[in-house]
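Residue-level structure breakdown
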2 protein chains.
Amino acid sequence: MILTVTLNTALDLTYGVPELVPHASHRVSDMSERPGGKGLNVARVLSALGHETVVTGFAGGSTGAVLRELLAGPSPLEADPRAASVPAPAPITDALVTVAGNTRRTIAVVDRATGDTTQLNEPGPLVSADEWTALLGRYEELLAGADAVALCGSLPPGIHVGAYAELVRAARAAGVPVLLDTSGEPLRRGIAARPDLIKPNADELAQLTGSREPMRATRDARRRGAHGVVASLGPDGMLAVTPDGSWQAAPPAKVLGNPTGAGDSAVAGLLSGLVEGLSWPDRLRRAVALSTATVLAPTAGDFDRAAYEELLPRVGVEEHTPAAR
Amino acid sequence: MILTVTLNTALDLTYGVPELVPHASHRVSDMSERPGGKGLNVARVLSALGHETVVTGFAGGSTGAVLRELLAGPSPLEADPRAASVPAPAPITDALVTVAGNTRRTIAVVDRATGDTTQLNEPGPLVSADEWTALLGRYEELLAGADAVALCGSLPPGIHVGAYAELVRAARAAGVPVLLDTSGEPLRRGIAARPDLIKPNADELAQLTGSREPMRATRDARRRGAHGVVASLGPDGMLAVTPDGSWQAAPPAKVLGNPTGAGDSAVAGLLSGLVEGLSWPDRLRRAVALSTATVLAPTAGDFDRAAYEELLPRVGVEEHTPAAR
C-alpha cells in the first residue's frame, strides 16, 4: 500500500465562463467538482496504475463531506479501451482525519475564449493542536502498512511550519521511503529532516537554493538534506540527482496543454516505480510519460492513458557521467 | 405572515482578494457565506423589520443543506443599540421544497484594492416537472396564511418561462397581494397575469418596454398588465405609478456604497408597508430609506439600521399632478 498525506485537502471546482471580464457578472457555462489537494491527485493516479492507496490528512465541514463522498465514488480515470495493458483502478482508502473547520474550496475559472485559468484558493480550515495530534497518531498507524509515503502540498492555518519535518522523521523511523512535495519554508524545514526524495519544480528549487541553474540547485538541495532530488523542468523533462547516479529524462517532443496536475502525476510515477523496484531510468521514464500525458489530457489533472502508453518507450533518459555529478 | 418565493436560491460566497489579476493564482484573504437569492434577501430585511416571514422555493444537494443550516441560524441583522425603536428580528420559516439537484453557488470576488466586484454565478439545479408540481402545492398551502407574497429572481433550469405567471394567478385567485421582481421574459410573461406590483430597475424596465424615459416606460408596463409599478431609479430614488396615484421619492442626498441588495430591501419596504396599511408616500419613504441604508451598509446586502432611521423622515416624496398621470 502507498500512503499519501494531504494536510490541506480541497474541493476543486472548475468554472467555465465564455470570457472572464474583471468587475463584470458572469454566468458559469459549465462546471465540475472533484476531490483535490496534491496528495489526493497523486492517489488518483496511483490507483489508475493499479496501486492500492490510502489517503490521510484533514477534512471537515460541509465541503469536507462533499469531498469524501466524491472520493468514495467511481474514479474519473476509468479503464480506457485504447490502453488495455494498464491495470484497472485499485481502491483508494479514505483515512482522512475529521476536523471541526470547513475544508477549503479552490476555484479554477477557465476562460473558454482563451483557455486561460484564473485561480481562487480559500486558505483552508484552522487546524487545532488536538487535531494535529490525531493526525500524527493516524499517520503512525498507517506507516506500519505502507511501502512508501508521499507528503504533499501546502499547510492549512494552525499547522506549524515544521510539520513536514515531523512527518519525514516518523517515516524514516518506521523505515518507510518518504517523498516530500511542498514549497517555501515547509520544504526548507522538511528537507532538513532528510527525506528520501523531493520533487521541486524550477521555481520551488530556485526559492529554496537561490539558483536557477538546475544542476547547481539540485546539488544544493541534496546538501541541505534530501537524499534524492528529482527536479521537474516543465517541458524539458526532469533532472534526477540521487545516491545511485544522476539522469536527465525528457519527453520525445514538447507538448501543448494544461500543466495542472503534471507534478502530481510525476510523484505517482516516481513512487510507484520505487515500490515496484524499477531502476531509476525506468522510474523517470514513467514519471515523464505520466506528467506529459497529464498535460495532454482534456480534463485538468487526469492523464491520457493511450498517450501515456505511447510515450513511455519514447522518453529519452541520459545518464550524467560521474564527472558531471 | 409575508411569503417570499425564491425559485433559484443560492449560497452567496464573498471572496476578498488583495487584487484580482486575470489568469493569475489568488489566495482568498477573507471570505463569508450566506443564504442568497432575492427572496431570501427580502425575507431577511422583512424579519429585521419585525415581520414574520416564510420562504419557499427550491433547495437541494450539499449546497442546499448548507444554505438551510445558515437560514436556521441567527440573523446577521442583529439588534443595533443605536436604533432602539426598530423591532427585534421576527422568525423566518423555511418552507423550501427539497430538490434532487444541487443549489447553486454565487461567488462575488471583491478586489480589496479597488472595491470592485467580479461575479460568478452557477446556473442552478435542473428542476424536474414533479418538483415544480410539489412547489405549486406548497405555495398554494402557504398562500392561505399569507398577507402578501413576493416572487423574486431568476428561474432555475427546467422551470418554464411562464412559471411566474402561474404563481401570480394563484396569488390573485387566493386574494393575496403579489409583488413580482424578476426580469426578461419571465417578467414579460408574469406581468400579463396582472400582478399587484412590479419593481423593475431602469434596465429591466427598458428591456421590457424599449423605453429609457421612466414615466413613459412605467406607464407602458402598467398597460402590459401590472396594476402598480415602482421603478427604482438607482441614486435618483423611485417612481411609483399606481391605481391610487403617482409619486416620485428620492433620498435626501446621493450616497456612495455597494448597491448589492438595495432592490431587495426596497421590495421588503414596499411589501411591509402594504401589509401595515401605510399610505403610498409612506411605503415609498420606507423603500427608499431601506435601499439607501443598504447601499451604506459595510456588508453587501445588509442595511445600516441607524442610517435607515435617520433617512426615513428625510426622504422627499412628490405627488405627480393628475395631468402628469
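Please refer to the structure higher up on the page.
Here we summarise the structure given alongside this text. None of the values given here were measured: they were computed from a predicted structure.

Examining the overall build of chain A
Summing up its helical and strand segments, chain A has 10 helices and 16 strands in all. Relative to its length of 325 residues, chain A is compact, with a C-alpha radius of gyration of 19 Å against a globular reference of 20 Å. By its C-alpha atoms, chain A is 60 × 45 × 40 Å across when sized along the principal axes. Burial statistics for chain A: of 325 residues in total, 56% are counted as buried. Look at the contacts in chain A between residues 6 or more apart in sequence, and 68% of them connect residues 24 or more apart. In the structure as shown, chain A presents an accessible area of about 12700 Å², 52% of it carried by carbon and sulfur atoms. Averaging the locations of the 29 positively and 36 negatively charged side chains of chain A gives two centres separated by 6 Å.

Some thoughts on the interface of chain B and chain A
Across the contact, 31 residues belong to chain B and 31 residues belong to chain A. In total, chain B and chain A occlude about 2500 Å² of area from one another, counting both sides; carbon and sulfur atoms represent 56% of this. Remark: the boundary between chain B and chain A carries two salt bridges. With its nearest N and O atoms 2.9 Å apart, the salt bridge here joins Glu33(B) to Arg105(A). For the side of chain B that touches chain A, the elements supplying multiple residues, two or more each, are β2 (10-17), β3 (25-27), β4 (30-36), α2 (61-72), β8 (104-111) and β9 (117-121) of chain B. In terms of residue count, the dominant contributor to the side of chain B that touches chain A is β9(B) (five residues). Class assignment of the residues belonging to the side of chain B that touches chain A gives a composition of 15 nonpolar, 10 polar and six charged. Note: strand β9 (residues 117-121) of chain A against β3(B), three bridges, orientation parallel. Directly across from Gln119(A), in β3(B), lies its bridge partner Ser25(B).

Let's talk about the relation of the copies chain B and chain A
Each copy superposes on the other: chain B lies on chain A with an RMSD of 0.0 Å after a rotation of 180° and an axial shift of 0.0 Å. Taken together, these values place the two copies in the relation of a two-fold axis. Taken as a fraction of all interface residues of chain B, those also at the interface in chain A reach 100%, which identifies the copy contact as same-surface.

Conventions used here
- As a convention, each chain's residues are numbered from 1 in the sequence order in which they are written.
- All chains are assigned letters beginning with A, and all ligands numbers beginning with 1, in the order in which they are written.
- Predicted model: local features are reported for residues with pLDDT of at least 70 only, side-chain atom pairs are reported and counted for 80 or more only, and whole-chain, interface and lining totals are derived from all residues.
- Side-chain numbers here rest on the full set of heavy atoms in the structure, without hydrogens or water.
- Secondary structure elements follow DSSP: runs of H or I no shorter than four residues count as helices, runs of E no shorter than two count as strands, and numbering proceeds from the N terminus.
- Our radius of gyration is a C-alpha quantity, and the globule rule it is checked against amounts to 2.2 Å times the number of residues to the power 0.38.
- Burial classes follow relative accessibility: with a 1.4 Å probe on protein chains only, a residue under 20% of its type's maximum area counts as buried, one over 50% as exposed, and anything between as partly exposed.
- The contact definition used throughout considers only heavy atoms, calling two residues in contact when any of these lie within 4.5 Å.
- Accessible surface area values rest on a Shrake-Rupley calculation with a 1.4 Å probe, where residue burial reflects the displayed protein chains alone.
- Charged residues are defined narrowly, with Lys and Arg counted positive, Asp and Glu counted negative, and His plus the chain ends left uncounted.
- Positions of charges follow a simple convention, taking NZ of Lys, CZ of Arg, CG of Asp or CD of Glu.
- Note: buried area is the sum, over both parts, of the accessible area (probe 1.4 Å) each one loses when the two are combined.
- A side-chain nitrogen of Lys or Arg and a carboxyl oxygen of Asp or Glu constitute a salt bridge if their distance falls within 4 Å.
- When residue character is reported, Ala, Val, Leu, Ile, Met, Phe, Trp, Tyr, Cys and Pro are called nonpolar, Asp, Glu, Lys and Arg charged, and the others, Gly included, polar.
- Pairing between strands is defined by DSSP: at least two bridges between them are needed.
- Least-squares fitting of one copy onto the other uses the C-alpha atoms of those residues that reach a pLDDT of at least 70 in both copies.

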